[in-house]
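Structural overview
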Amino acid sequence: MIDAVRHIFDPSSQLEKINQRLKVKVEEARSLIRDGYIPRIRAIACNNGLKWNTSAEEAIKRANFGDQVSWEHLNHDALVRIIQRPKSVDETLKLVGKAAIEDMNYSRVCIGRIPVSEIYGIVKTHGDQLLERNIRRYLGLQGNRVNTGIRETLHSDRPENFYFFNNGLTLICDQFKYNAVQQSDYQVQAKNLQIVNGGQTCMTIYRTLEEMDAKGKSLPTTATVMVRLYELPDEDNDLMLQITHATNSQNPVDLKDLKSNDAHQRNLETSIQSLGYTYRRKRTDTSAKSSDITSGTAAEAVLAVWRQAPHQAKFFSREHFGKLYKQIFTESLNGAQVIIAVLLYRIAENRRKRPTKDDPLFVRYGSCFIAMQMGRRLLKDLNVSISALDHRNFKDAENLVGQNGAEYLEASIRDVQEALTDLYGDREISLQQLSATFRRGDLISRLLNVSFDDTESKS
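First, a word on what this report is: a plain description of the structure on this page. From a predicted model like this one, the values you see are computed outputs, not experimental measurements.

So, on to helix H18 (residues 431-440). Most of H18 sits inside the fold, with 8 of its 10 residues counted as buried. Taken as a whole, H18 has its buried residues at Leu-431, Gln-432, Leu-434, Ser-435, Ala-436, Thr-437, Phe-438 and Arg-439. Close packing links the buried residues of H18 with helix H2 (20-34), helix H13 (310-315), helix H16 (367-382) and helix H17 (394-424). Just beyond H18, the residue with positive phi is Gly-441, at close to 75°.

Written out as structure tokens, the structure reads:
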């Protein structure tokens, strides 16, 4: 395992005996390391016996990986400890305002509102013991849009809006007590308290308020979050597991969903439908047909083919409906442009997924670059600019894709091959270099300078 970590995450190490499909993924990760990304590695040794011995521990220390690599042992004893009841957390939840408390089916429910400062104090006292029943540990802020949004709301000048922006917390306990004579501001004493949904919210609140406290900033006293507290019968372990599963397995809403009712998305739906295709701006449970175009596919195809940003199309998909949304879905984008971009993109993607035995390796990385060149060839044959591609010449464009799509593909693959030769010469290009080259968009300017007349005459 030490050797595996050293070889896989050292970009200069040669990987000889490795499955080729796996090698493509490994080299993609190693190219990120060459670009300055630092991996955090968990090495998990699994067996049904003892942990490694002292000599193995010394070998780990001699490897000198430091804190970058964490070593864990997992066996049957560890699995038993995971499913066994954790140490009991007994805590008082200080709610604010009104609360709804009801007995139902031998269980009890309390729904109320709790200040984030109370969450901060509870997590500070009990830490990860509150998350033993949660399905995840804390995911942090890096690359996590939701947790970053929580932090920004707490730092904003309107922290009281936190209640409206957050889905709330789901907690379970063996028993809870409160003063029923009160009308509001209950102090609910909970026995064996656990967070089953909302662990990310709680830990982000804790980290944010801890940072504010360390810097001497006043904590957001007006920020509150909804809390659902369930008192479950001791013997009903199945119900507890079902609650944990149900509250953590509902369909997530991503940025595509939030943009689905955008006026421009609705206009594209109408425009595309008039041309004989279906634009799926919302997710559905029906399988897609060849005439269906999802908003996600449309975004990637348009960004690659017409916006001439194939590297962003391929490697920045999380931002297609975020930072890149206005760049992709401009006011001038129409249904004809979307459909043609998707048809060309599909041809290039099909080749990436099912390359021929003679295809160069870059086909696995460069489908969006190939699609960009295919789009330029199509416009040249139509003798129009992208702004002039609309419903009036859509059929001509569609027919060209059907008749010349394969030729566009082969010629565009040659474009990319020549651009790579121009960039690297005749020397062999490693998979790491290929991945990094397409991710950074190093070839775009060279491809945009390709003269199709020259290229076609050569071929």
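Still to come is the rest of the account.
Attention now moves to the packing of H16 against H17. Relative orientation and spacing of two packed helices are given, respectively, by the angle between their axes and the distance between those axes. Taken N-terminus to C-terminus, the directions of H16 and H17 make an angle of 130°; their axes are 8 Å apart at the nearest point. Put simply, H16 runs oblique to H17. Considering only the axes of H16 and H17, their crossing is right-handed. Class assignment for the residues of the contact of H16 with H17 results in 13 nonpolar, 4 polar and 4 charged.

Turning next to the packing of aromatic side chains. Overall, the coordinates contain 9 aromatic pairs when judged by the stated rule. Measuring from centroid to centroid gives 5.6 Å for Tyr-120 and Tyr-206, while their planes differ by 25°, and the two rings are stacked. In this pair, Tyr-120 is assigned in helix H5 (residues 116-126) and Tyr-206 in helix H8 (residues 199-214), connecting sequence segments 86 residues apart. Here Tyr-120 falls in the buried class, since its relative accessible area comes to 9%. According to the relative accessible area criterion, Tyr-206 is buried, its value standing at 14%. Ring centres of Phe-321 and Phe-329 lie 5.6 Å apart, and the angle between their planes is 40°; on these two criteria the pair is classed as tilted. The pair formed by Phe-321 and Phe-329 is uniform in burial state, with each residue classed as buried. A connected cluster of aromatic rings, assembled from ring pairs, spans Phe-321, Tyr-325 and Phe-329.

Within the largest apolar cluster, 63 residues are counted, with the highest numbers of intra-cluster contacts made by Trp-306, Phe-329, Val-338, Ile-340, Leu-378, Val-416 and Phe-438. Listed in part, the 34 residues of the second largest apolar core include Leu-169, Val-188, Ile-195 and Ala-223.

Relative to the elements of secondary structure, Ile-413 occurs in helix H17. The class of Ile-413 is buried, set by a relative accessible area of 7%. In sequence terms Ile-413 and Gly-366 are 47 residues apart; their C-alpha atoms lie 8.7 Å from each other. When residues no more than four places from it in sequence are discounted, the contact partners of Ile-413 are Arg-351, Phe-362, Val-363 and Ile-370.

Looking now at the pairing of strand E1 (residues 41-46). A one-sided burial pattern is seen for E1, the buried positions being Ile-41, Ala-43 and Ala-45 and the unburied ones Arg-42, Ile-44 and Cys-46. Here 6 bridges tie E1 to strand E2 (residues 69-74), and the two strands are oriented parallel to one another. Following the sheet pairing, Arg-42 is matched in E2 by Ser-70. Between the parallel elements E1 and E2, the chain passes through helix H3 (residues 54-63) in a crossover that is right-handed.

What follows deals with the sheet that holds strand E10 (residues 224-231). Overall, mixed pairing links the 5 strands, which are arranged E4-E5-E10-E6-E9 in an open sheet. Two strands bound the open sheet, and with one partner strand each, they are strand E4 (100-104) and strand E9 (194-197). Adjacent strand axes in the sheet meet at a mean angle of 25° when their direction is disregarded. Pairing between E4 and strand E5 (residues 107-115): 5 bridges, direction antiparallel. Residue Ile-101 lies in a different strand from E5, and its bridge partner there is Cys-110. Packing against the sheet, H5 makes contact with E5, strand E6 (169-173) and E10, and its axis sits at approximately 110° to E5.

This part is about the pairing of strand E8 (residues 187-191). The alternating pattern of E8 places Val-188 and Ala-190 on a buried face, while none of Gln-187, Gln-189 and Lys-191, on the opposite face, is buried. Here 3 bridges tie strand E7 (residues 175-177) to E8, and the two strands are oriented antiparallel to one another. When the bridges of E8 are listed, Gln-175 appears paired with Lys-191.

Reading guide: rules and limits
- Residues numbered from 1 in each chain as written.
- Predicted model: local features only at pLDDT ≥ 70, side-chain atom pairs only at ≥ 80, totals over all residues.
- Heavy atoms only, no water.
- Buried < 20%, exposed > 50% of the residue type's maximum accessible area, 1.4 Å probe, protein only.
- Helix = DSSP H or I, 4+ residues; strand = E, 2+ residues; numbered from the N terminus.
- Contact = heavy atoms within 4.5 Å.
- Axes fitted to C-alpha atoms, helices over the stretch in contact; angles between N-to-C directions.
- Parallel < 35°, antiparallel > 145°, perpendicular 65-115°, else oblique.
- Left-handed = near helix turned anticlockwise from the far one by under 90°.
- Nonpolar A, V, L, I, M, F, W, Y, C, P; charged D, E, K, R; others polar.
- Phe/Tyr/Trp six-rings, centres within 6.5 Å; stacked < 30°, edge-to-face > 60°.
- Core = buried A, V, L, I, M, F, W, Y, C linked by side-chain atoms within 4.5 Å.
- Pairing = 2+ DSSP bridges.
- Right-handed = clockwise from strand over helix to strand, strands pointing away.

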